[in-house]
Structure formats: C-alpha cells, structure tokens
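# Understanding the architecture of this molecule
What follows is each chain in one-letter form.
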Amino acid sequence: MDLNERMTRTAERAQAANVPHVDVVDRVCRTIRLQQAEEPALLDTPSMAFAGLSLGVTVLTALMFMPLLSTLLDPMAAYMNSPWSF
C-alpha cells in the first residue's frame, strides 16, 4: 500500500468519524480573568541609554559649534575669520 492510498483512507475515515463536542469557553475566560498583568518598568534601560546618548551627542555638537556661533555674533570677527579675508 503506497502512501497516497493510505492518506486517502485516513481522510475518508476522518470525514465519517464522530467528533466530540468540547466547550472550552469557560476555561479560557477563567484563565484570562485570573491572568496577572505585568506592571511596566518605570525606567526602561534601552530607552534611557538611547536618550543619554542623544543628549551627549547634542551637547558635543553644541560645544563644537559654539566658537562659530560666537564668531557670527560679532560681524568684524566673522569677516576676519572668513576665507576671503586672508
């Protein structure tokens, strides 16, 4: 008997079989009701690490551009530091 015939016979037997009625609604509802919800973490470590890194990059960028900003506030210093004034 090859596999194809065997699967066909199994399918025919399964179609004619009596399927028991199982009601699991009460059990599922009870399980959902009794489930304890996890409280979210107050401080999420990856989010805090990303926020700290972002803040550090922002401060570093601001410190790098501080001389440029102070130069732009003084028009004469801005003119003297420009490439065409050399």
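Going by the structure above, here's the rest.
Here we summarise the structure given alongside this text. (Residues numbered from 1 in each chain as written. Predicted model: local features only at pLDDT ≥ 70, side-chain atom pairs only at ≥ 80, totals over all residues. Heavy atoms only, no water.)

## Quick word on helix α3 (residues 45-73)
For α3, with 29 residues, the first-to-last C-alpha span of 40 Å sits near the 42 Å given by 1.5 Å per residue. Maximum bend of α3: about 45 degrees, positioned at F65, with proline P67 one to four residues after it. (Helix = DSSP H or I, 4+ residues; strand = E, 2+ residues; numbered from the N terminus. Expected span 1.5 Å × (residues − 1). Bend = angle between axes of the 7 residues up to and from the residue.)

## So, the environment of M66
By secondary structure assignment, the location of M66 is in helix α3. Take M66: its relative accessible area is 46%, and that puts it in the partly exposed class. Residues M66 and M80, 14 residues apart in the sequence, show an inter-C-alpha distance of 17 Å. (Buried < 20%, exposed > 50% of the residue type's maximum accessible area, 1.4 Å probe, protein only.)

## So, the pattern of salt bridges
Counting across every chain of the model gives 1 salt bridge. In this structure, the salt-bridge partner of R9 is E5, at a minimum N-O distance of 3.9 Å. Of this pair, R9 and E5 are both found in helix α1 (residues 3-16), 4 residues apart, which corresponds to roughly one turn of the helix. Owing to a relative accessible area of 41%, E5 belongs among the partly exposed residues under this scheme. (Salt bridge = Lys/Arg side-chain N within 4 Å of Asp/Glu carboxyl O.)

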